[in-house]
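Breakdown of the fold
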Amino acid sequence: MIAGKLVSLTGIIPEDHAHLFRWANDVDAARLNGPYRPADWSSHKDWCDNIGRDASKVVFAIRKTGLPGIIGYVQIVNIHSVNRSADIGMRIGDAGNRGQGYGSEALRLTVDYCWSHLNLQRLGLAVFDGNKPAVAVYETAGFEREGLLKRAVYADGQWIDVILMAKLRTQS
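The text that follows walks through the structure, step by step, so that each part is easy to find. (Residues numbered from 1 in each chain as written. Predicted model: local features only at pLDDT ≥ 70, side-chain atom pairs only at ≥ 80, totals over all residues. Heavy atoms only, no water.)

Structural notes on the environment of Asp16
Keep this limit in mind: Working definition: helices are DSSP H or I runs of at least four residues, strands are E runs of at least two. Numbering for both runs from the N terminus. When accessible area is computed with a 1.4 Å probe and restricted to protein chains, residues below 20% of their type maximum are described as buried, those above 50% as exposed, and intermediate ones as partly exposed.
Relative to the helices and strands, Asp16 is located in the loop between β2 (7–10) and α1 (17–24). Taking the relative accessible area as the measure of exposure, Asp16 reaches 2% and is therefore buried. For Asp16 and Cys48, which are 32 residues apart along the polypeptide, the C-alpha to C-alpha distance reads 9.1 Å.

Written out as structure tokens, the structure reads:
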């Protein structure tokens, strides 16, 4: 477990699966980072059951400090040990938990984990241009804009630009 003041990062446990499934099927949340595609339980369960078996991925549950329930997750994917890089993404599941600082702290803890435990040098991400709260969280955490993919995603009847951002580990 990685503990902060507001949240802790832990492994995904079976009790989390139903929450993750519900969030995967939340049309409004999907609009924040991808076209909505309904998840089926069988594929979802396979994904949950295989999280720890893929060396190119780390997935943490985000929990409020001292409480057992999951409020979101953060993923480190495409971990490349030679290039010492990866991509990062996260979701705070229920809208009532957004804007409370949980995502900001989870991101900071995850970035620290990437530098200290995975020995990475670069973290990248892609975020919808219209997802202003997420862009603000990433910028506050030190991620910088590297590019813009114009009309990169078609979702909910409209074209969406995607911002590419990255954070580089400072040399000490």
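Quick look at the pattern of salt bridges
Two side chains of opposite charge can pair, provided their charged atoms sit close to one another. Defined as follows: In the sections that follow, a salt bridge refers to a side-chain nitrogen of Lys or Arg positioned within 4 Å of a carboxyl oxygen of Asp or Glu.
All chains considered together, the criterion is met by eight salt bridges. With a shortest N-O distance of 2.6 Å, Arg63 and Asp16 are connected by a salt bridge. One end of the pair, Arg63, is in strand β3 (residues 58–64); the other, Asp16, is in the loop between β2 and α1, with 47 residues separating them in the sequence. The two residues Arg63 and Asp16 agree in class, both being buried. For Asp49, the salt bridge is made with Lys45, and the minimal N-O distance between the two is 2.7 Å.

A look at α1
Applied cut-off: Our arc is simply the arc of the directions from the helix axis toward the C-beta atoms. When checking whether two residues touch, look at their non-hydrogen atoms; a contact exists if any pair is within 4.5 Å.
Looking only at α1, the buried set comprises His17, Leu20 and Trp23. Buried residues of α1, viewed axially, fall in a sector of 130 degrees; they line one side. Turning to α1, the residues buried within the fold contact α3 (41–49), β4 (70–80) and β5 (85–92).

As for the sheet that holds β5
The line we're drawing: Any two strands with at least two DSSP-identified bridges between them are counted as paired. Every axis corresponds to a line fitted to the C-alpha atoms, with the helix fit spanning only the stretch in contact, and the corresponding angles, defined between N-to-C directions, vary from 0 to 180 degrees.
Sheet architecture is open: eight strands sit in the order β1-β2-β3-β4-β5-β6-β8-β7, paired in mixed fashion. A single partner strand is all that each edge strand has here, and the edge strands are β1 (2–3) and β7 (144–155). Examined bridge by bridge, β3 and β4 share six bridges and lie antiparallel to one another. Each residue of the ladder has a partner; that of Val58, found in β4, is Ile76. Relative to the sheet, helix α4 (residues 102–116) contacts β1, β2, β3, β4, β5, β6 (122–128) and β8 (158–168), its axis offset from that of β2 by approximately 45 degrees.

Let's talk about the nonpolar core
The test is simple: For this analysis, a nonpolar core means a set of buried residues of the types Ala, Val, Leu, Ile, Met, Phe, Trp, Tyr and Cys, connected via side-chain atoms within 4.5 Å.
In this structure, Ile62, Ile76, Leu123, Val127, Tyr138 and Phe143 are the most contacted members of the largest nonpolar core, which totals 30 residues. Those elements that place two or more of their residues in this core are β2, β3, β4, β5, α4, β6, α5 (132–140) and β8. Considering every element that reaches this core, the biggest residue donor is α4, with eight residues. Counting nine residues, the second largest nonpolar core, distinct from the first, contains Ile12, Leu20, Cys48 and Ile51.

Comments concerning the layout of surface pockets
Our working definition: Two kinds of site are reported from a 1 Å grid over the protein atoms alone, namely cavities, where a 1.4 Å probe fits but cannot get out, and pockets, open sets with protein on both sides within 12 Å along at least five of seven lines, and residues are called lining when an atom falls within 4 Å of a point. Grid points are joined across faces, edges and corners, and a volume is the space filled by probe spheres set on the points. Residues are grouped as follows: Ala, Val, Leu, Ile, Met, Phe, Trp, Tyr, Cys and Pro are nonpolar; Asp, Glu, Lys and Arg are charged; every other residue, Gly included, is polar.
Approximately 1,300 Å³ is the volume found for the largest pocket. Those elements giving two or more residues to the lining of the largest pocket turn out to be α1, α2 (27–30), α3, β4, β5, α4, β6 and α5. Of the residues that constitute the lining of the largest pocket, the class distribution is 27 nonpolar, 14 polar and five charged. Volume-wise, the second largest pocket comes out at about 160 Å³. Lining the second largest pocket, in full, are Arg31, Leu32, Phe128, Asp129, Gly130, Asn131, Ala155, Asp156, Gln158, Trp159, Ile160 and Asp161. At four residues, β8 tops the list of elements feeding residues into the lining of the second largest pocket. The residue inventory of the lining of the second largest pocket, partitioned by class, reads five nonpolar, three polar and four charged.

Topic: the packing of aromatic side chains
Counted only if it meets this: Aromatic pairing here means that ring centres of Phe, Tyr or Trp (its six-membered ring) are within 6.5 Å. Orientation follows from the plane angle: under 30 degrees is stacked, over 60 is edge-to-face, and everything else is tilted.
One pass over the full model with this rule turns up four aromatic pairs. Ring centres 5.1 Å apart and planes at 85 degrees place the aromatic pair Phe21 and Trp41 in the edge-to-face group. Of this pair, Phe21 sits in helix α1 while Trp41 sits in helix α3, and the two are 20 residues apart along the sequence. When the ring of Tyr138 is compared with that of Phe143, the centres are 5.8 Å apart and the planes differ by 65 degrees; the resulting orientation is edge-to-face. Exposure class is identical for Tyr138 and Phe143. Each is buried.

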